[in-house]
Amino acid sequence: MVIEANQLPKVAVVMGSDSDFPALEKGINILNEFGVKVEVMVCSAHRTPELAAEFARNAVSNRFSVIIAAAGKSAHLAGVMASLTTLPVIGIPIKSSFMDGLDSLLSIVQMPDGVPVATVGINSSKNAALLALQMIGISNSDISQKLTQYKKDMAANVKIMNEKLQEKLV
Ligand code: RP5
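All figures in this text were calculated on a predicted structure; none of them were measured in a lab.

Caption draft 1: Representation of the site of the ligand. In the vicinity of the ligand, the contacting residues are Gly 16, Ser 17, Ser 19, Asp 20, Arg 47, Ala 71 and Gly 72. Arg 47 is positioned with one of its side-chain polar atoms (N or O) 2.8 Å from an oxygen atom of the ligand. In terms of residue class, the shell around the ligand is built from one nonpolar, four polar and two charged.

Structural data, given as structure tokens:
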């Protein structure tokens with residue numbers, strides 16, 4: 001069966017600044033490898049609040065399944081997204097220059113009751129992507145099967161790592 005491009009699950013990756021992009025590339029690559037559609041955009045909660053709000057308000061009608069929102073410093077983008085949509089929002093705290101990303105982490109993770117943001121580790125775009133895929137995989141068997149294979153490959157790699165380490169230790 002051929003799946004039309006407009007039927008593929010769609011993930012949004014929004015970031016507060018283009019300076020966040022290098023930290024997000026790994027995650028974007030994973031999403032692409034799994035064959036979901038990815039839309040990437042700079043959209044700041046502070047510098048372009050109207051754009052951020054419009055994006056979040058229209059995310060359901062624009063057929064997104066999950067929003068991944070990355071920001072650094074006083075990182076409000078994920079929270080703003082979550083306040084304006086019923087879609088799951090995954091926040092990525094970006095490592096900032098003064099507090100190594102702890103400021104971003106706390107800004108994203110400490111959401112008030114009623115407005116959850118699933119927060120991953122600092123700069124952990126790979127985990128954000130995998131979590132988004134796991135959410136999609138609940139109702140998409142193709143993605144769920146690919147995730148099963150991903151875990152098998154990961155386990156096989158760890159086995160190889162261990163074998164190599166054991167060789168070095170003898
Ligand atoms: C945040 O401020 C961005 O997400 C970025 O992590 C940080 C710094 O932005 P730039 O000054 O590099 O544009 O809004």
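Once you've had a look at it, read on.
Caption draft 2: Focus on the environment of Gly 16. Here Gly 16 shows up in the loop between β1 (10–15) and α1 (21–33). Given the relative accessible area of 16%, Gly 16 is considered buried. For the pair Gly 16 and Lys 73, spaced 57 residues apart in sequence, the C-alpha to C-alpha distance is 9.9 Å. Setting aside residues up to four positions removed in sequence, Gly 16 forms contacts with Val 42, Cys 43, Ser 44, Arg 47, Ala 70 and Leu 77.

Caption draft 3: Molecular detail of the pairing of strand β3 (residues 64–72). The buried count for β3 comes to seven of nine residues, which makes it a mostly enclosed element. For β1 and β3, the ladder comprises six bridges, and the chain directions are parallel. Within β3, the residue paired with Val 13 across the bridge is Ile 68. Relative to strand β4 (residues 89–94), β3 is paired through six bridges, and the arrangement is parallel. Among the inter-strand pairings, Gly 72 is bridged to a residue of β4, identified as Ile 94. In this region the chain leaves β3, passes through helix α3 (residues 77–84) and returns to the parallel neighbour β4; the handedness of that crossover is right-handed.

The rules behind the values
- Residues numbered from 1 in each chain as written.
- Predicted model: local features only at pLDDT ≥ 70, side-chain atom pairs only at ≥ 80, totals over all residues.
- Heavy atoms only, no water.
- Near = heavy atom within 4 Å.
- Polar contact = N/O pair within 3.5 Å; in protein donor to acceptor, adjacent residues only side chain to side chain.
- Nonpolar A, V, L, I, M, F, W, Y, C, P; charged D, E, K, R; others polar.
- Helix = DSSP H or I, 4+ residues; strand = E, 2+ residues; numbered from the N terminus.
- Buried < 20%, exposed > 50% of the residue type's maximum accessible area, 1.4 Å probe, protein only.
- Contact = heavy atoms within 4.5 Å.
- Pairing = 2+ DSSP bridges.
- Right-handed = clockwise from strand over helix to strand, strands pointing away.

So, to be careful, I would describe these as geometric facts and stop short of saying anything about function.
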